[in-house]
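Tertiary structure, described
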There are 2 protein chains.
Amino acid sequence: MNDERLTADELRDAWLALSSAERLDAFRLLDTESANDFFLGLSSLDQAGLVVAMANGERKLWLRLLAPDDAADLIQRLANGEKQQYLELIDPPTRAEVIALMAYAEDAAGGLMSPRFARLRPEMTAAEAIRYLQRQASEKLETLYYAYVLDPDQRLVGVVSFRELFSAPSDKRVSEVMHADLVSVPDTMDQEAVARLIAKHDLHALPVVDPEGRMKGIVTIDDMIDVAEQEATEDIHKLGGMEALDAPYMQTSMSAMIKKRASWLAVLFVGEMLTASAMGHYEHEIEKAVVLALFVPLIISSGGNSGSQAATLIIRAMALGEVAVRDWWRIIRRELGAGLLLGLILAAIGLARILLWQALFHTYGARYVEVAATVALSLVGVVTWGTIAGSMLPFVIRRAGFDPASASAPFVATMVDVSGLVIYFSVAQVVLRGSLL
Amino acid sequence: MNDERLTADELRDAWLALSSAERLDAFRLLDTESANDFFLGLSSLDQAGLVVAMANGERKLWLRLLAPDDAADLIQRLANGEKQQYLELIDPPTRAEVIALMAYAEDAAGGLMSPRFARLRPEMTAAEAIRYLQRQASEKLETLYYAYVLDPDQRLVGVVSFRELFSAPSDKRVSEVMHADLVSVPDTMDQEAVARLIAKHDLHALPVVDPEGRMKGIVTIDDMIDVAEQEATEDIHKLGGMEALDAPYMQTSMSAMIKKRASWLAVLFVGEMLTASAMGHYEHEIEKAVVLALFVPLIISSGGNSGSQAATLIIRAMALGEVAVRDWWRIIRRELGAGLLLGLILAAIGLARILLWQALFHTYGARYVEVAATVALSLVGVVTWGTIAGSMLPFVIRRAGFDPASASAPFVATMVDVSGLVIYFSVAQVVLRGSLL
């Protein structure tokens, strides 16, 4: 790999398979323009990985290529003792911006924003504003799409789009063209809320203000794609019954991954131990009618599966803001209907299966009608209950102040398994009394 | 609600609870500017719902407010017999654009793009280009951020950002300022691939070209947020063990929802029936040692949970492009290690539980050591196998040409349940031979 040129696409394909040292060697094979593009396109974690492997002179070059918000993200990834040393490599005015950004939580509006936005004064004319922006354009601005109108105290008084300035008569004042009723977000707002706001208002950028109303920066729509993906990944990992990983799968160390997975797995295991107790409670019934044990996995998994469907639907609808906590009553009615219907469908299939097997192989003995009835009735009960429990669990978890996405399929299944056993054996005690039990 | 004014935010909060007729009534209470913003911010499904309830005169007004790509989306939501009637309400030049867009699949680049982009000729000077764009700006352009340079055959030859034009000397030619090595996408490219490309190159817009290289439109980054959310919702629904809903949860009819849920639930149920056969195969062992039945739910759910974690991790990593099919061997080695470790952790907890219960309540009879050993050994086997199977299932499904997200937690659990039973009873036959069996 050492005596050839490499293209950015080739490096991207090989990236995951390379060690840190190999990455830097390969990166150095790119021509200058590709290297710039490639570096800017990396995640802050990968950028940090490269920069750490460099000597100070090269390091400075690449750090200075970054916009202040990206530099702040990179430096946040470093060990605490190393941050200062890297900050000193950045030119002093940018360094001040980077330090200001590092004070914010990474997932707050302040941690996402760029301090480099286009500014105007309300008393400028449209022509002056365009010329003024033309001068600012040679600096590294995050976007020229909107220009923000600030008063002498840096307080945000309006916003004007580039297009509006452009099509306005050239002697009109900015204050007459601008919109004064604008949406802004506090610098402490959570990134998920910011993303939702941008999507709701279909905006390209949102201004971020401090508690005194002074404008501190802008959050742009391209940051939001990363946020949307990141939040979806977190939810999906939680829905899989584990804690969300902090880094991509292949870059997560074995010990970090085991920690994230083992904790939930152990919690679920301890919860699932209740099934052993529940089964123990019905040991006598199982001894008398071993045929009952045969259907245990089928019955409880049906409850778990229907509960997992319901929980998943509600969790995603909540994350997208389609369903709020106050909607729980409408949802319970809807899911009660759905659960009953789904239970009846599975009961019909189960009934057909038992009667068919009995006709073909005489599997279930003389009392097969009662056994079939027990299984079918239990399925209706377990599926209905699983559906209701699955749909309500996200509400309960949110009410308790946690992320509803923790109501994962495995969590719901565990919860429904114990109650499914109780439903099944209770039905059996009624239906099979005097015959098998 | 009828004699007051309503704000857009109030309507947004009440929206989900309203019927179609109530929505139109409430919508009419907004003042003109709020109504415009509100209408443009609705999903195409909600827009269609409102417009369908209107009379033709009002309908025309709102249809003409929409950009051609949004109008095409709205009309795609209508019944086939009604589409023509709505198309005729749109002014003829826009109608031609809308019809051209409707020819594309909704989830292809052509179906997402806007035909209204800023165009330049290569021989213009920067000053001419800015004046030319100023004239185009009064039309409804999707974005002024980039201007596309087309030859006389409408073939795309370069792109120039607004900022570059702005900071270039005014007599420089567009052909000297523009970038000729630009990224473009074919009009048939899938929206997920387009989103990935935009994120990879950190672009605000991508040009869409037809097979002859003629530029047809642009896809902008704000469309991509919807795409990212939509794709994540689809994946999450599939991961919950069902088909993805086509519309928001509260707007999906009961029959559509039952169809999406019942199909997978029935498939899983039929698969899970194999557990009844497997249990039937070991009926003799259960009769001799009922204590074995008690741990069946615990053992099989542990396999399902660990498999669901592994499958979820791999599916998301695949969706984000972090893991490709060719990585399967590295992943199997990683997951083998993880599975063994997780299995040992659960085995230790299980062992402790059985020994503790035995000490406290004498639950498991004289042969409790053998029973505990059976459970612990089975847990190591089942969890390791569940982890491997869960991590490989997405690869198998993708190889077979399907969406790996179908390897849902319930699917993995069902698959692992049967094999879990076989592992458990096989271990029991070896460990308990001569004592309980």
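Every chain begins its residue count from 1, and numbering advances along the sequence as written. Throughout, the order in which chains and ligands are written sets their labels, letters from A for the former and numbers from 1 for the latter. Given that this is a predicted model, residues contribute local features only at a pLDDT of at least 70 and side-chain atom pairs are listed and counted only at 80 or more, while totals for whole chains, interfaces and linings are drawn from all residues. Processing note: side-chain calculations cover all non-hydrogen atoms of the structure and skip hydrogens and water entirely.

**Here we look at the pairing of strand E2 (residues 146-150) of chain A**
Residues and elements named next belong to chain A. To keep things clear, this is the line we draw: Throughout this description, buried means an accessible area under 20% of the type-specific maximum (1.4 Å probe, protein chains only), exposed means over 50%, and partly exposed covers the range between. Each helix corresponds to a stretch of at least 4 residues labelled H or I by DSSP, and each strand to a stretch of at least 2 residues labelled E; elements are numbered beginning at the N terminus. Strands are labelled as partners when DSSP assigns at least two bridges between them.
The buried fraction of E2 amounts to five of the five residues, a majority that puts the element mostly inside the structure. Neither face of E2 is open: one carries Tyr146, Tyr148 and Leu150, the other Ala147 and Val149, and all of them are buried. In this sheet, E2 lies alongside strand E1 (residues 118-120) in parallel orientation, the contact comprising three bridges. Its bridge partner lying in E2, Ala118 is registered against Ala147. Here E2 runs beside strand E3 (residues 156-161); their pairing, made up of five bridges, is antiparallel. Bridge pairing links Tyr146 to Ser161 in E3. Hairpin connection between E2 and E3: a loop of five residues separates the two successive antiparallel strands, and Gln154 in this loop has a positive phi of roughly 65°.

**Let's talk about the interface of chain B and chain A**
Operational definition: Here, two residues are considered to be in contact whenever any of their heavy atoms come within 4.5 Å of each other. Throughout, the accessible surface (probe 1.4 Å) given up by two parts as they are put together, summed over both, is called the buried area. The salt bridge criterion pairs a side-chain nitrogen of Lys or Arg with a carboxyl oxygen of Asp or Glu, the two atoms within 4 Å. Side-chain atoms alone can form a polar contact between residues adjacent in sequence; in general such a contact is a pair of N or O atoms within 3.5 Å, and within protein one must be able to donate a hydrogen while the other accepts it. When residues are grouped by polarity, Ala, Val, Leu, Ile, Met, Phe, Trp, Tyr, Cys and Pro land in nonpolar, Asp, Glu, Lys and Arg in charged, and all others, Gly among them, in polar.
Counting residues at the interface gives 112 residues for chain B and 112 residues for chain A. Taking both sides of the interface into account, the surface hidden between chain B and chain A amounts to around 10,100 Å²; carbon and sulfur atoms contribute 67%. Between the two partners, chain B and chain A, sit two salt bridges. Close ionic contact of Arg261 of chain B with Glu335 of chain A constitutes a salt bridge, the shortest N to O distance being 2.8 Å. Viewed at the interface, chain A and chain B are joined by 24 residue pairs in polar contact (both at pLDDT 80 or more). It is helix H15 (residues 254-281) of chain B that provides the largest number of residues to the side of chain B that touches chain A, a total of 18 residues. Counted by class, the side of chain B that touches chain A contains 63 nonpolar, 26 polar and 23 charged residues.

**Points about the domain arrangement of chain A**
Heads up, the rule is: Domain borders in the structure are assigned automatically or taken from a domain database.
Here the domain parsing of chain A yields domain 1 (8-106), domain 2 (118-237) and domain 3 (249-431). If you average the C-alpha positions of domain 1 of chain A and of domain 3 of chain A, the two centres end up 48 Å apart.

**With respect to the relation of the copies chain B and chain A**
Mapping one chain copy onto the other needs a rotation about an axis and a shift along that axis. Formally: Overlaid copies result from least-squares superposition on C-alpha atoms, with residues included only where pLDDT is at least 70 in both.
When chain B is fitted to chain A, the best match, at an RMSD of 0.2 Å, comes from turning it 180° and sliding it 0.1 Å along the axis. These values place the two chain copies in the arrangement generated by a two-fold rotation axis. Within chain B, the C-alpha atom positioned nearest to the axis of rotation is that of Ile225 of chain B, 2.7 Å from it. Looking at the interface residues of chain B, 99% of them are also at the interface in chain A, so both copies use one shared face.

**Points about the pattern of salt bridges**
The full count for this structure, using the stated rule, is 25 salt bridges over all chains. Asp246 of chain A is the partner of Lys260 of chain A in a salt bridge, and the nearest nitrogen-oxygen pair spans 3.5 Å. Taken together, the positions of Lys260 of chain A in helix H15 (residues 254-281) and Asp246 of chain A in the loop between helix H14 (221-239) and H15 put the pair 14 residues apart, joining distant regions of the chain. Among the salt bridges present, the one from Arg28 of chain B reaches Glu58 of chain B, with a minimum N-O distance of 2.6 Å. Of the two residues, Arg28 of chain B sits in the loop between helix H2 (20-27) and helix H3 (32-41) while Glu58 of chain B sits in helix H5 (residues 56-63), which places them 30 residues apart along the sequence. When its relative accessible area of 22% is taken as the criterion, Glu58 of chain B is described as partly exposed. Connected through salt bridges with shared partners, the residues Asp151, Asp153 and Arg155 of chain A form a single ionic network.

**Some details on the nonpolar core**
Threshold: Working definition of a nonpolar core: buried Ala, Val, Leu, Ile, Met, Phe, Trp, Tyr and Cys residues. They are joined through side-chain atoms within 4.5 Å.
Core analysis: the largest hydrophobic core is formed by 123 residues, its most contacted members being Phe27 of chain A together with Phe27 of chain B. Excluding residues that lie within four positions of it along the chain, Phe27 of chain A makes contacts with Leu11, Ala35, Phe38, Phe39, Leu50, Met54 and Trp62 of chain A. Among the nonpolar cores identified, the runner-up in size contains 114 residues, and Ile332 of chain A together with Val296, Leu313 and Leu437 of chain B belong to it.

**Observations concerning the sheet that holds E2 of chain A**
Residue and element names in this part refer to chain A. Where we set the bar: Angles run from 0 to 180 degrees between N-to-C directions of axes, and those axes are lines fitted to C-alpha atoms, restricted for helices to the stretch in contact.
The three strands lie next to each other as E1-E2-E3, forming an open sheet whose pairing is mixed. Each edge of the open sheet carries a strand with a single partner, namely E1 and E3. In this sheet, neighbouring strand axes are inclined to one another by 35° on average, regardless of whether the strands run parallel or antiparallel.

**Points about a nonpolar patch on the surface**
All names here are of chain A. Put simply, the rule is: What goes into a patch is any residue over 30% in relative accessible area without a salt bridge, connected to like charges within 9 Å or, for nonpolar side chains (Val, Leu, Ile, Met, Phe, Trp, Tyr), within 5 Å. Values of accessible area rely on a 1.4 Å probe in the Shrake-Rupley scheme; residue burial ignores everything except the protein chains shown.
Nonpolar side chains collect at one region of the surface, where Leu356, Leu360 and Phe361 lie side by side and expose about 320 Å² of accessible area between them. Tracing the backbone shows Leu356 in helix H19 (residues 328-361). Overall, Leu356 belongs to the partly exposed group, its relative accessible area being 45%.

**Overview of unusual backbone geometry**
Residue and element names in this part refer to chain A. Look at Gln154: it is not a glycine, yet its phi comes out positive at around 65°. Following the sequence through the fold, Gln154 ends up in the loop between E2 and E3. Taking the relative accessible area as the measure of exposure, Gln154 reaches 31% and is therefore partly exposed.

**A short note on helix H19 (residues 328-361) of chain B**
Put simply, the test is: For a helix, the expected span equals 1.5 Å multiplied by the residue count minus one.
Its 34 residues give H19 of chain B an end-to-end C-alpha distance of 47 Å, which sits within 8% of 50 Å, the value for a rise of 1.5 Å per residue. Immediately downstream of H19 of chain B, the backbone of His362 of chain B shows phi near 50°, a positive value.

**Overview of the confidence of the model for chain A**
Going by this rule: Confidence scores here are pLDDT values: one per residue, from the predictor, ranging 0 to 100.
When pLDDT is averaged along chain A, the result is 87, and 97% of the positions lie at 70 or above. Of all helices and strands in chain A, the one with the weakest mean pLDDT is helix H13 (residues 191-201) of chain A (80), whereas helix H20 (residues 368-399) of chain A scores best (94).

**Some thoughts on the packing of helix H6 (residues 68-76) of chain B against helix H8 (residues 92-102) of chain B**
Residues and elements named next belong to chain B. Condition: Orientation labels follow simple angle bins: below 35 degrees gives roughly parallel, above 145 gives roughly antiparallel, 65 to 115 gives roughly perpendicular, and whatever is left gives oblique. Two helices cross in a left-handed way if the nearer one is turned anticlockwise from the farther one by less than a right angle. They cross in a right-handed way if the turn is clockwise.
The N-to-C vectors of H6 and H8 enclose an angle of 60°; their axes lie 9 Å apart at closest approach. Taken together, the axes of H6 and H8 lie oblique to each other. When the axes of H6 and H8 are compared, the crossing they make is right-handed. In this structure, H6 contributes Pro68, Asp69, Ala71, Ala72, Ile75 and Gln76 to the contact, and H8 contributes Thr94, Glu97, Val98, Leu101 and Met102.

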